[in-house]
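Inside the fold
Below, each chain spelled out in residue letters.
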Amino acid sequence: MVRGEVYLYWMTNPEWYDYDENEKPYLTDKAPEKAKESFERYIELKNREKETGMKII
């Protein structure tokens, strides 16, 4: 199951993430383990979207 709550948890606290000069998100040192897991899942899904050309929601 992929829902915003599951794979976008890392975005629930603005202190946990930021964007680089290319507007790619990254986690800060303040991100807890649950946010790190959520971010990893988000990256996996984004990579799968690129590979398949299909939007995953």
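Everything below is about the structure printed above this text.
Structure report, in brief. (Residues numbered from 1 in each chain as written. Predicted model: local features only at pLDDT ≥ 70, side-chain atom pairs only at ≥ 80, totals over all residues. Heavy atoms only, no water.)

**Considerations on the nonpolar core**
- Ranked by size, the top nonpolar core spans seven residues in total: W10, W16, Y17, A31, A35, F39 and Y42.
- For this core, the element with the highest residue contribution is helix α2 (residues 33–52), accounting for three residues.
- Setting aside anything within four residues of it in sequence, one finds A35 in contact with Y9, W10, W16 and L27. (Core = buried A, V, L, I, M, F, W, Y, C linked by side-chain atoms within 4.5 Å. Buried < 20%, exposed > 50% of the residue type's maximum accessible area, 1.4 Å probe, protein only. Helix = DSSP H or I, 4+ residues; strand = E, 2+ residues; numbered from the N terminus. Contact = heavy atoms within 4.5 Å.)

**Brief notes about the pattern of salt bridges**
- Summed over the entire model, instances satisfying the criterion amount to two salt bridges.
- A salt bridge links R41 to E44; the shortest N-O distance between them is 3.7 Å. Of this pair, R41 and E44 both sit in helix α2, three residues apart, which is roughly one turn of that helix.
- Notably, a salt bridge pairs K46 with E49, separated by 3.2 Å at the nearest N-O pair. (Salt bridge = Lys/Arg side-chain N within 4 Å of Asp/Glu carboxyl O.)

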